[in-house]
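Residues per chain are reported as follows:
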Amino acid sequence: MYESGEHRELGASTLLESLGKVRFEPSGDVSDWRTMILGTLLEAGKEAARAWSERAARPAETPQGTERTAEELHELRERVLERNAQERLSVEQYKAEATWQAFERIPTLQPEGWAHATREQRAEALVHAAGDAERVWSVPLGGVTFERMPAQGLCEHTSEGAVITLHSSLLELDHPKEAVKTLVHEFEHAYQWAYVEGARQAGQDALRQGWDVTTAATWARADAEYSDRWHRYANNALEHGANLRAAAAVERLYLRSVPS
Ligand SMILES: [Zn+2]
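Described in the following lines is the structure provided in the data block. Computed from a prediction, not measured in an experiment: that's the story for all the values here.

Focus on the pairing of strand E3 (residues 161–167)
Consecutive side chains of a regular strand alternate in pointing toward one face of the sheet and then the other.
And then number 1: As paired elements, strand E1 (residues 141–147) and E3 share 6 bridges and run parallel to each other. By the bridge assignment for E3, Glu 147 is matched with His 167.
And then number 2: In this antiparallel pair of consecutive strands, strand E2 (residues 153–158) and E3, the connection spans 2 residues.

This is how it looks when you write it as structure tokens:
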């Protein structure tokens, strides 16, 4: 059974508030600017996590002397559901950007660097990238290994965290794209699993704590409905999400020209 006790999902508003306290002053040097943004995001994440813990520790606020009709309660619930869903998406956007910026700073994951690297150096770079993703997303990883196996990639949940296995043939390709795509796909599964577990552990309090419970429930159902039949597999919500994230990584890292 997978334990995700350390997992904390940050409220986007808190994260944005924290970001608002920092002035971005991009210099001419893009790499310095990226380093600063990444550092700021990680700092803002830590601050938001502290604020989140304090908020979660407070007792539920129940208005005194107000009777709400069933209709009002339903509307309130709908609003909270919608807000939580939007918060998750904006937090994910920031985390994804911080992840791609961290990947960009690994020379071996650049096409030129990869082309001149050994298999061992390529493996090392991918393990390093997974460590960056682990820190940005606060999703515990049990390790990244390379094997010859039927699938391109695999994500298994263990008591140490998610263990990611990548097909070793990915290390032999002349471009890093496929390896990064597979790593990001499998890491997204680790995140999805941690999210479902986090929301499940919050239980009755999940909505108030800011969990996007609709998505967590959809992912939990998709997890239970995994099928070997290809069309069902491809249409599974978890696969769809992982493919989207992987495509975003490739687009951002290898297909979009970055100003220098
Ligand atoms: Zn998958």
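Side note on helix H7 (residues 213–224)
And then number 1: With 12 residues, H7 ought to run about 16 Å at 1.5 Å a step, and its terminal C-alpha atoms sit 16 Å apart, in line with that.
And then number 2: Considered for burial, the residues of H7 that qualify are Ala 216, Trp 219 and Ala 220. Viewed along the axis of H7, the buried residues span an arc of 100°, placing them on a single side of the element.
And then number 3: Contact partners of the buried residues in H7: helix H6 (177–202) and helix H9 (237–255).

A closer look at the packing of helix H3 (residues 70–104) against H9
And then number 1: Following both chains from N to C, one finds H3 and H9 inclined at 50°, their axes separated by 10 Å at the closest point. As the angle between them shows, H3 and H9 are arranged oblique. In terms of crossing hand, the pair formed by H3 and H9 is right-handed. Contact with H3, carried on its side by Ala 96, Trp 100, Phe 103 and Glu 104, involves Ala 248, Ala 249, Arg 252 and Leu 253 of H9 and no other residues of that element.
And then number 2: Residues of the contact of H3 with H9, tallied by class, amount to 6 nonpolar, no polar and 2 charged.

Observations regarding helix H5 (residues 119–137)
And then number 1: The first and last C-alpha atoms of H5 sit 27 Å apart over 19 residues, in line with the 27 Å expected at 1.5 Å per residue.
And then number 2: What H5 keeps buried is the set Arg 122, Ala 123, Ala 125, Leu 126, Ala 129, Ala 130, Ala 133, Val 136 and Trp 137. In a view along the axis of H5, the buried residues occupy a sector of 160°, so they form one face of it.
And then number 3: Those residues of H5 that are buried are in contact with H3, helix H4 (111–115), E1, E3 and H6.

A look at the pairing of E2
And then number 1: Where E2 meets E3, 6 bridges bridge the pair, whose relative direction is antiparallel. Bridged to Gly 153 within E3 is Leu 166.

Analysis parameters
Residues numbered from 1 in each chain as written. Predicted model: local features only at pLDDT ≥ 70, side-chain atom pairs only at ≥ 80, totals over all residues. Pairing = 2+ DSSP bridges. Helix = DSSP H or I, 4+ residues; strand = E, 2+ residues; numbered from the N terminus. Expected span 1.5 Å × (residues − 1). Buried ≥ 20, exposed ≤ 12 C-beta atoms within 10 Å, placed from the backbone. Arc of directions from axis to C-beta. Contact = placed C-beta atoms within 7 Å. Axes fitted to C-alpha atoms, helices over the stretch in contact; angles between N-to-C directions. Parallel < 35°, antiparallel > 145°, perpendicular 65-115°, else oblique. Left-handed = near helix turned anticlockwise from the far one by under 90°. Nonpolar A, V, L, I, M, F, W, Y, C, P; charged D, E, K, R; others polar.

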